[in-house]
Structure formats: C-alpha cells, structure tokens
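Listed below are the residues making up each chain.
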Amino acid sequence: MFGYIVANKAELKFREFEVYQTYYCGLCKQLKAKGGNLSRMALSYDMTFIYMLLSGLYEPDTICERCKCAMHPFEKRKLRRNECAEYVADMSVLMTYYKSLDDWKDDRKLKARLMMFGLRGKCRRIEHRYPEKAQQITQLLELLGEGEKARSAEIDNMAGLFGRIMAQVMVYREDEWAPILSKVGFFLGKFIYLLDAYEDIEEDLKKGRYNPLYKLYETVDFEGECRQILTMMIAECSREFEKLPILENIEILRNILYSGVWIKYEAVSAARASGTGVKK
C-alpha cells in the first residue's frame, strides 16, 4: 500500500534531492541495524517522509556519515541517523509485518508468508516497546479486515480506519504536537488508502477482490469524484502540517505534500485515459 508519498524530483534542487536521499539511506541503515537485511524490505519513501518530518519538528542530535551500500558498491552513500530514525524504523517493520500477514490471509502469497515469518520475532519486540500503539493498530486492522470482508461501500469509514492507523504511526511523542501530528497522519493515511484503491480498481474487480471504490467506479464521473476526494484529503493534511514549527528541510517536505503525492495519481489517470491500462 505504500509508495505514494514521494518527492517530485524534477522540482527539487540538486542539493535538496541529495538531502532527501540522506534520510532515505539513513532509514535504510537503521532498518538493517535493527533487524538485518530482511528488515530493509520495509524501506519506503512514505516512511522517509515521516522520518524527515519528525526530524524537522523535534530537531534531535543527528549523525551524518558515509557508508558503503550493497546496492551501490562503488561509492559510499551519505546518510543521516537520529532517534527519530529508530522510531520510524520500528514502525516500518511493524507495518510491513501486518501487511504481510494480511496478504497471506487474503491471497496466500508465498512472498508474504516468508516476510511474515522473517519479521515475526522483530515485530514482537517492537510490540513490546510500544504496547498501546501496537494494540491500537492491531484493533484498527481487524476492523479494516471486517469491513473488507463485508465489502463495505462506506468509503470514508474504510479510509478513516487506515487514517487512524497512520495517525498512530505519525505520533512520536505524547506532547503538545501530538494532536496535530495525529491529524496529519490521519488525512495522509486516508489519502494513501484511497489512492491505492484508485490505482487497483480494475485489477481488483477483475480478480473479485474487495475495493472500497467499487460502487463509485460504476458512476459516470468516477475520475472527477476520485480527484475531488483525494484533493480534500491532502488539503486537510497540508493544512495541519503547516501548523507545525518546522524550518529544517521545509521546502522538501512541501514539495512532497503539494506535488510529489500526485505523481502516481497522474500516471494512473493518464494510463487509464489513454486506454493502455495501469502499469503496476
């Protein structure tokens, strides 16, 4: 479900893109330190955005270093790590484990089963560190699963459940910023859930899988309605985001929220309009 909250590289300055990559590589390094190479499968630009946002908000002491990478063996990669990276790495593993568990239950995907077993021990340790958060996320995932089994057509309710999950992920500390971070995560989660459904609608219907947009897809203005809903969600997310006193890398974060999040939508919409289908 992740892969939508990315930067618009074409509109970033060279230095900004380099900084963006240092957070991505830093999160990758932290994932490996936490749970080995398998944990690096949980790496995503979506969680990198959260890492950058939390780092900008809390301004923790950050280590800047260069490390070798198996994916780039001929040069050392610049990266940044701090306490926010540790937290986001934990949340990345937790969400990847739960997603693998759901994929195995729904489609019996072998890859999901292998990932599930590989991350189970690491996930249990994370659940022990964040018991209340893990319990909340688990309960919300169960409600989401029940809604999917019932083939709920209540789009806002279904998206809201995933929004509440992302709200839990976004809140790093129970402090004065927690209510705002919760709202940022909530609307961002709804956007991710609905954009994922928008991208997958044809394939889901073809394979008989649940998709919250299945009734809306039958309407004349499916494209227009989807665009309006997604715009509302990211507008609310951005409105809450702007309440945070973030200065560091603010232009990169705004690039992601105001431009980058629409890259996948535009690609899917263009492919659908041209009749070439949605390329996964």
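This text follows the structure it describes.
Residues numbered from 1 in each chain as written. Predicted model: local features only at pLDDT ≥ 70, side-chain atom pairs only at ≥ 80, totals over all residues. Heavy atoms only, no water.

A. Helix H9 (residues 250-258), seen in detail. Listed as buried for H9 are Ile250, Ile252, Leu253, Asn255, Ile256 and Leu257. Where H9 is buried, its residues meet helix H1 (14-39), helix H2 (45-58), helix H7 (178-207) and helix H8 (222-241). (Buried < 20%, exposed > 50% of the residue type's maximum accessible area, 1.4 Å probe, protein only. Helix = DSSP H or I, 4+ residues; strand = E, 2+ residues; numbered from the N terminus. Contact = heavy atoms within 4.5 Å.)

B. Just the state of the cysteines, in detail. Counting across every chain of the model gives zero disulfides. A disulfide-free cysteine, Cys84 has its sulfur positioned 13 Å from the sulfur of Cys64, the nearest such atom. Here Cys226 stays free of any disulfide, with the sulfur of Cys237 as its closest cysteine sulfur at 19 Å. (Disulfide = S-S within 2.5 Å.)

C. Region of interest: the pattern of salt bridges. Throughout the structure, instances matching the rule amount to 17 salt bridges. The partner of Glu83 in a salt bridge is Arg173, with the nearest N and O atoms 2.5 Å apart. With Glu83 in helix H3 (residues 83-107) and Arg173 in the loop between helix H6 (155-170) and H7, this residue pair connects regions lying 90 residues apart in the sequence. In this structure, a network of salt bridges that share partners links the residues Glu203, Asp204, Lys207 and Arg209. (Salt bridge = Lys/Arg side-chain N within 4 Å of Asp/Glu carboxyl O.)

D. Layout of the packing of H6 against H7. Close contact between H6 and H7 brings their axes to 6 Å; oriented N to C, the two are set at 130 degrees. Classed by the angle they form, the pair H6 and H7 counts as oblique. H7 is crossed by H6, and the crossing has right-handed handedness. Packed against H6, whose contacting residues are Ile155, Asp156, Met158, Ala159, Gly160, Phe162, Gly163, Arg164, Met166, Ala167 and Met170, the element H7 presents Leu181, Ser182, Val184, Gly185, Phe186, Leu188, Gly189, Lys190, Ile192, Tyr193 and Leu194 at the interface. For the contact of H6 with H7, the residue count by class is 14 nonpolar, five polar and three charged. (Axes fitted to C-alpha atoms, helices over the stretch in contact; angles between N-to-C directions. Parallel < 35°, antiparallel > 145°, perpendicular 65-115°, else oblique. Left-handed = near helix turned anticlockwise from the far one by under 90°. Nonpolar A, V, L, I, M, F, W, Y, C, P; charged D, E, K, R; others polar.)

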